[in-house]
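Here is how the chains run, residue by residue.
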Amino acid sequence: MSGSVGKREIVQRARCPFCGFAVERPADYHDGGSMPRGVCSCGAVYVCDVTGHNLGSALLIALESASGKTMDAALDVVAEVDYQDQVLERYDDQSHLVVPGGALEGRRIRGALFFLRLKERQICDQAGKAGGSDLKDYAVHRQGSKRVFVPKSFGKEDVAALVASYDTERVERLAREDKRILRDLQRLLYTGDELMRLRASDMIGRAAAIIAETEPGFVANLLQRLLSSVADSAASSWGALDAIGSIIAHRTDLYARYTQFFFDFIKDEVLAPNVLRVLCGIVAVDKDVLGSQAVPFFVRMLSSENPSIRGYAARILGFLDVSSCREHLVRIRDDKDVLEVYVEGFLKRVTVGDLAGEALGDRIDT
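Residues numbered from 1 in each chain as written. Predicted model: local features only at pLDDT ≥ 70, side-chain atom pairs only at ≥ 80, totals over all residues. Heavy atoms only, no water.

Draft legend 1. Quick look at the overall build of the protein chain. The number of helices and strands found in the protein chain is 17 helices and 12 strands. By the burial criterion, 46% of the 366 residues in the protein chain qualify as buried. At a minimum sequence separation of 6, the contacts of the protein chain that also span at least 24 residues come to 60%. (Helix = DSSP H or I, 4+ residues; strand = E, 2+ residues; numbered from the N terminus. Buried < 20%, exposed > 50% of the residue type's maximum accessible area, 1.4 Å probe, protein only. Contact = heavy atoms within 4.5 Å.)

Draft legend 2. The arrangement of the packing of aromatic side chains in detail. Across all of its chains, the model carries 5 aromatic pairs by this definition. Measuring from centroid to centroid gives 6.3 Å for Tyr255 and Tyr258, while their planes differ by 50°, and the two rings are tilted. Residues Tyr255 and Tyr258 agree in their burial class; the two are buried. Centroid distance Phe263 to Phe297: 5.4 Å. Interplanar angle 70°. Geometry classified as edge-to-face. (Phe/Tyr/Trp six-rings, centres within 6.5 Å; stacked < 30°, edge-to-face > 60°.)

Draft legend 3. The pairing of strand E3 (residues 45-49), seen in detail. Judged by how many residues are buried, E3 sits mostly within the fold: 5 of 5 residues are covered. Side chains of E3 alternate between two faces, with Val45, Val47 and Asp49 and Tyr46 and Cys48 buried alike. Here strand E2 (residues 37-39) pairs with E3 via 3 bridges, running antiparallel. Within the sheet, the bridge partner assigned to Val39 lies in E3 and is Val45. Remark: 5 residues form the turn of the hairpin made by E2 and E3, two consecutive strands paired antiparallel; Gly43 in that turn has positive phi of roughly 105°. Pairing geometry for E3 and strand E8 (residues 111-118), over 5 bridges, is antiparallel. Within E8, the residue paired with Tyr46 across the bridge is Phe115. (Pairing = 2+ DSSP bridges.)

Draft legend 4. Broad picture of the pattern of salt bridges. Per the stated rule, a full pass over the model turns up 16 salt bridges. Glu213 serves as the salt-bridge partner of Arg176, at 3.6 Å between the closest nitrogen and oxygen. Remark: Glu213 occurs in the loop between helix H8 (194-211) and helix H9 (216-232) and Arg176 occurs in helix H6 (residues 168-177); sequence separation between them is 37 residues. Between Arg315 and Glu358 there is a salt bridge, and its shortest N-O distance comes to 3.2 Å. Of this pair, Arg315 sits in helix H15 (residues 307-320) while Glu358 sits in helix H17 (residues 352-359), and the two are 43 residues apart along the sequence. A network of salt bridges, in which partner residues are shared, links Glu172, Asp202 and Arg206. (Salt bridge = Lys/Arg side-chain N within 4 Å of Asp/Glu carboxyl O.)

Draft legend 5. Region of the structure containing helix H13 (residues 272-285). Compared with the 20 Å implied by 1.5 Å per residue over 14 residues, the 21 Å span of H13 between its first and last C-alpha is a close match. Inspection of H13 places Ala272, Pro273, Asn274, Val275, Leu276, Arg277, Val278, Leu279, Cys280, Ile282 and Val283 among the buried residues, and these make up the whole buried set. For H13, the elements touching its buried residues are H8, helix H10 (238-250), helix H12 (262-265), helix H14 (295-301) and H15. (Expected span 1.5 Å × (residues − 1).)

Draft legend 6. Structural context of the sheet that holds strand E5 (residues 97-98). Spatial ordering of the open sheet is given by E1-E5-E4-E8-E3-E2, a layout of 6 strands whose pairing is antiparallel. Each of the sheet's edge strands pairs with one partner strand only, and the pair in question is strand E1 (12-13) and E2. On top of the sheet, helix H2 (residues 55-67) reaches E2, E3, strand E4 (83-92) and E8; it is set at about 35° to E8, its chief contact. (Axes fitted to C-alpha atoms, helices over the stretch in contact; angles between N-to-C directions.)

Draft legend 7. Highlighting the nonpolar core. Judged by nonpolar contacts, the single largest core of 80 residues is most densely connected at Leu185, Ile247, Tyr255, Phe262, Phe298, Ile316 and Leu329. At 9 residues, H8 tops the list of elements feeding residues into this core. In contact with Ile316, not counting residues within four places along its chain, are Leu276, Leu279, Cys280, Val283, Leu290 and Phe298. (Core = buried A, V, L, I, M, F, W, Y, C linked by side-chain atoms within 4.5 Å.)

Draft legend 8. The packing of H8 against H10, seen in detail. Viewed as axis vectors pointing N to C, H8 and H10 meet at an angle of 35°, and their least axial separation amounts to 8 Å. Classified by chirality, the crossing of H10 by H8 is right-handed. For the pair H8 and H10, contact is made by Arg197, Leu198, Ser201, Asp202, Ile204, Gly205, Arg206, Ala208 and Ala209 and by Trp238, Gly239, Asp242, Ala243, Ser246, Ile247 and His250, respectively. In the contact of H8 with H10, the residues fall into 7 nonpolar, 5 polar and 4 charged. (Left-handed = near helix turned anticlockwise from the far one by under 90°. Nonpolar A, V, L, I, M, F, W, Y, C, P; charged D, E, K, R; others polar.)

Draft legend 9. Focus on the packing of helix H5 (residues 156-164) against H8. The interhelical angle for the contact between H5 and H8, taken along N-to-C directions, is 100°, at an axis separation of 9 Å. Relative to H8, the element H5 lies roughly perpendicular. Contacts between H5 and H8 involve Ala160, Leu162, Val163 and Ala164 from the first element and Met196, Arg199, Ala200 and Met203 from the second. Split by residue class, the contact of H5 with H8 holds 7 nonpolar, no polar and 1 charged. (Parallel < 35°, antiparallel > 145°, perpendicular 65-115°, else oblique.)

Draft legend 10. Structural view of unusual backbone geometry. For Tyr166, which is not a glycine, the phi torsion comes out positive at approximately 50°. Positionally, Tyr166 belongs in the loop between H5 and H6. With phi around 50°, Glu344 is a residue other than glycine that occupies positive phi space. Considering the arrangement of structural elements, one finds Glu344 in the loop between strand E11 (338-343) and strand E12 (346-351).

Draft legend 11. Inspection of the layout of surface pockets at higher detail. Roughly 660 Å³ of internal volume is contained in the largest pocket. Taken together, 24 residues form the lining of the largest pocket, with Cys280, Gly281, Tyr342, Val343 and Glu344 sitting closest to its centre. Contributions of two or more residues to the lining of the largest pocket are made by H8, H10, H13, H15 and E11. The element that contributes the greatest number of residues to the lining of the largest pocket is H13, accounting for 7 residues. Per-class residue counts for the lining of the largest pocket are 13 nonpolar, 5 polar and 6 charged. (1 Å grid on protein atoms, 1.4 Å probe; cavity = no way out; pocket = protein on both sides within 12 Å on 5 of 7 lines; lining within 4 Å. Points joined across faces, edges and corners; volume = space filled by probe spheres on them.)

Function cannot be inferred from these measures alone, as they are strictly geometric.
Structure representation (structure tokens):
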């Protein structure tokens, strides 16, 4: 029994020493080089040295290939800090097998497969990119034989923290990976903190613009639900109004038609200031959404008793057609009543006269 086993040639499939999965035969001769290479599904690069004596050259080829850098730049990385390496000895390039006994079919097997894998941060920088995401936003998961980068799990508390710090960049990155960010942002639309509510609305528009690149219908459904919530309970839906406006403002090419609903909501005295604030945000990026024919409508609002209505109406007119309403704006240029306007994550106190002057071409610090 033991004698028959001894006569058999023991061979093994070539497997990645990092993930344990079988690898394909190396066949890519990078830049016309003499050593073929391959890439494991876990991200490790492997290079075949048929002699087993040129592992230094195999290392350099693997570093250059894995890092995407030139040979000189690749030498700047540090073993065990930037990468790990392993060697499969006694590799037969003809059969693509590992032969522990060192002999197969009368041939001496001296070859080696040199494996190199970048550390997690290097892998994310090189292979993930993911819109420039930092590794702290991502977890590494295995799907079968593949290692994939996915967003780390986040909850409503995490999203609230991003909104509170006005971290628009992180929110936009998460939106590219997981559309449920919109759900967690929506929770903040009904908070009693006005600035938090406005920032959440702002970020819903930013996130929705990204999601709409691939799923415009999903965002359209969100718009319809938000519109319904305003219609059903106007007094408690101020955040929903701002979110609707932010979505439209960030993608007027897709959702400008929803602006028409604001002219129904503006008839509500409670909602009117908020509707005008929303319209300001939309016409600031695309005045054609309303057009100059809407000028008389907003001119009438310059006579409102509510300073917020006067101020926002003046600002809208500044984006539309000042030439046809200049005299009306001049009349309120000295209006000292105060309101707060939302500008890029912050609330700023200004006067109605400030906004009228801005519409006329004066510069104010916002």
